[in-house]
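For reference, the chains in residue letters:
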Amino acid sequence: MQCEEVRPRLDAYLDGELAEAESTLFRGHLESCPDCGPEIAALERLRDGIRRAAPDYRAPAELRSRIRFALRRETAANPSWGLRAPGWLAYAASLLLAVAVGSGGTRLITNESQENTMPTR
Amino acid sequence: MAWIGERRRRSRFETVVLPHLDAAYALARWLTRNDADAADVVQEACVRAFRYFDSYREGDAKSWILKIVRRACYDWIERNRPAEVVPLETDAGPEGAVNSAPAALDANALLESRSDLRHLDRLIEALPPPLREAIVLRELHELDYRQIAEVTGVPIGTVMSRLHRARATLRRGWCGKG
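**Considerations on the overall build of chain A**
- Counting its regular elements, chain A contains seven helices and zero strands.
- Helices (α) and strands (β) of chain A occur, in sequence order from the N terminus, as α-α-α-α-α-α-α.
- The buried share among the 121 residues of chain A stands at 12%.

Next up, the structure:
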């Protein structure tokens, strides 16, 4: 492998973005090349430095509760969110209700007529 | 029972988003460079994300929320610190981008830095936002190129060139260590 092939993709190698086979070829070159070897070592030192230098920013504890509160306020301002149902679902529900009422009514009438036609002893 | 639906929706949102709150805050903190501003922006971004939560599909929740937080950060900077605004989706040349860095850090401040690591931290803060967010997403959030492209809305080739330029700038500034 030649330096000209390696140099433009050193960052991708460092970032683990190369395929396994290609990465192995790179490693072989970097271990033996007096120019590219120090270059990748410098990039690795920089990475290590960045990770040690950067403060570990964490969300303050009250942010979580602030967000929960803001979301509750948001849902209160938009009550329609809880009611949202697809049109077909509402249609199906109304049909079901109509059938239930209809059949219940029919049964009432049927029972009534059966009672009326009961033979008397 | 509207309130049950609301509560479920909110609870699902919290399950998806809140595990990434530290990452969201850290990105906002790096972009706004201020604790209180970062918290405000993250809260605003979460409310924004909640409004569009119906469009969220199961998948990479971290990239999804970071993308919204990032957008909220730039909107906030545009409103509150218009002097810092740099074009987001277009890339200037390597020098052009570096020259457009906000003048938040002066040379004296750099010279006064006592430790190398503090110096490096300030160099990262001084990077122009497109380079800063690339290096933060890669090195601190450990996102891969595809995820960084998703969060920042640019092609992978642009992610690669921004990372390369960010590292070159940091190495130049981090005297004697690169």
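Additional details are given in the paragraphs that follow.
**Some points on the domain arrangement of chain B**
Residue and element names in this part refer to chain B.
- Entries for chain B in the domain assignment read domain 1 (1-85) and domain 2 (87-178).
- Counting residues at the interface gives 13 residues for domain 1, matched by 14 residues for domain 2.
- When contributions to the side of domain 1 that touches domain 2 are tallied by element, the ones reaching two or more residues are α2 (21-32) and α4 (61-80).
- Each residue belonging to the side of domain 1 that touches domain 2 can be placed in one class, and the counts come to seven nonpolar, one polar and five charged.

**Points about the confidence of the model for chain A**
Residue and element names in this part refer to chain A.
- Taken as a whole, chain A shows an average pLDDT of 79; of its residues, 64% reach a score of 70 or greater.
- For chain A, the element scoring lowest by mean pLDDT is helix α6 (residues 80-83), at 54; helix α2 (residues 10-14) scores highest, at 96.
- Confidence drops under pLDDT 50 across residues 112-121; counting only partners more than four residues distant or on other chains, this segment forms zero contacts.

**Focus: the nonpolar core**
- The biggest cluster of nonpolar side chains holds 53 residues, and the ones touching the most others in it are B:Ala24, B:Tyr25, B:Leu27, B:Ala28, B:Val42 and B:Val69.
- Of all the elements, α2(B) adds the most residues to this core, at nine residues.
- The residues touching B:Tyr25, leaving out its near neighbours within four places in the chain, are A:Tyr57, A:Arg58, A:Ala59, A:Leu63, B:Ala38, B:Ala39 and B:Val42.

**Digging into the environment of B:Arg10**
- By secondary structure assignment, the location of B:Arg10 is in helix α1 (residues 2-17).
- The class of B:Arg10 is partly exposed, set by 19 C-beta atoms lying within 10 Å.
- In the structure, B:Arg10 is positioned 133 residues away from B:Leu143 in sequence and 27 Å away in space, judged by C-alpha atoms.
- Excluding anything up to four places from it in sequence, B:Arg10 contacts A:Leu71 and A:Thr75.

**Things to note about the packing of α2(B) against helix α3 (residues 35-51) of chain B**
Residue and element names in this part refer to chain B.
- Axis separation between α2 and α3 bottoms out at 8 Å; the angle between their running directions is 130°. By the criterion of interaxial angle, the relationship of α2 to α3 is oblique. In this structure, the crossing between α2 and α3 has a hand that is right-handed. Two secondary-structure elements touch here, α2 through Ala24, Tyr25, Ala28, Arg29 and Thr32 and α3 through Asp35, Asp37, Ala38, Ala39, Val41, Val42 and Ala45.

**Here's the deal with the interface of chain A and chain B**
- Chain A puts 32 residues into the contact, and the matching count from chain B is 39 residues.
- When residues of the side of chain A that touches chain B are traced back to their parent elements, those giving at least two are α2, α4 (36-53), α5 (61-77) and α6 of chain A.
- Considering every element that reaches the side of chain A that touches chain B, the biggest residue donor is α4(A), with 10 residues.
- Residue composition of the side of chain A that touches chain B, by class: 18 nonpolar, three polar and 11 charged.

**Let's talk about the confidence of the model for chain B**
- With 79% of its residues at a pLDDT of 70 or more, chain B has an overall mean of 83.
- Under the prediction, the complex receives an ipTM of 0.78, its pTM being 0.74.

**Re the environment of A:Leu71**
- When you line up the elements, A:Leu71 lands in helix α5.
- Setting aside its immediate chain neighbours within four residues, A:Leu71 contacts B:Arg10, B:Phe13, B:Val47 and B:Phe50.

**Quick look at the packing of α4(A) against helix α7 (residues 116-126) of chain B**
- Taken N-terminus to C-terminus, the directions of α4(A) and α7(B) make an angle of 90°; their axes are 9 Å apart at the nearest point. One finds that α4(A) runs roughly perpendicular with respect to α7(B). Of the residues in α7(B), those touching α4(A) at A:Gly49, A:Ile50, A:Arg52 and A:Ala53 are B:Leu117, B:Leu120, B:Asp121 and B:Ile124.
- For the contact of α4(A) with α7(B), the class distribution of residues is five nonpolar, one polar and two charged.

**Section: α5(A)**
Residue and element names in this part refer to chain A.
- Taking 1.5 Å of rise per residue, the 17 residues of α5 would be expected to cover 24 Å, and the 25 Å separating its terminal C-alpha atoms lies within 8% of that figure.
- For α5, every residue scored as buried is listed here: Leu63, Ile67, Leu71 and Thr75. End-on view of α5: buried residues confined to an arc of 110°, all on one side of the axis. The exposed set on the far side of α5, more than 90 degrees from its buried face, consists of Ala61, Glu62, Ser65, Phe69, Arg73, Ala76 and Ala77.

**Observations regarding α4(B)**
- Taking 1.5 Å per residue as the helical rise, α4(B) with its 20 residues ought to reach 28 Å, and the 28 Å between its terminal C-alpha atoms agrees with that figure.
- Of the positions making up α4(B), those classed as buried are B:Ser63, B:Trp64, B:Ile65, B:Leu66, B:Ile68, B:Val69, B:Arg70, B:Ala72, B:Cys73 and B:Ile77.

**Some details on unusual backbone geometry**
- Even without being glycine, B:Arg33 reaches a positive phi, approximately 60°.
- On the secondary structure map, B:Arg33 appears in the loop between α2 and α3.

Analysis parameters
- Residues numbered from 1 in each chain as written.
- Chains lettered and ligands numbered in written order.
- Predicted model: local features only at pLDDT ≥ 70, side-chain atom pairs only at ≥ 80, totals over all residues.
- Helix = DSSP H or I, 4+ residues; strand = E, 2+ residues; numbered from the N terminus.
- Buried ≥ 20, exposed ≤ 12 C-beta atoms within 10 Å, placed from the backbone.
- Domains from an automatic or database assignment.
- Contact = placed C-beta atoms within 7 Å.
- Nonpolar A, V, L, I, M, F, W, Y, C, P; charged D, E, K, R; others polar.
- pLDDT = per-residue confidence, 0-100.
- Core = buried A, V, L, I, M, F, W, Y, C linked by C-beta atoms within 7 Å.
- Axes fitted to C-alpha atoms, helices over the stretch in contact; angles between N-to-C directions.
- Parallel < 35°, antiparallel > 145°, perpendicular 65-115°, else oblique.
- Left-handed = near helix turned anticlockwise from the far one by under 90°.
- Expected span 1.5 Å × (residues − 1).
- Arc of directions from axis to C-beta.

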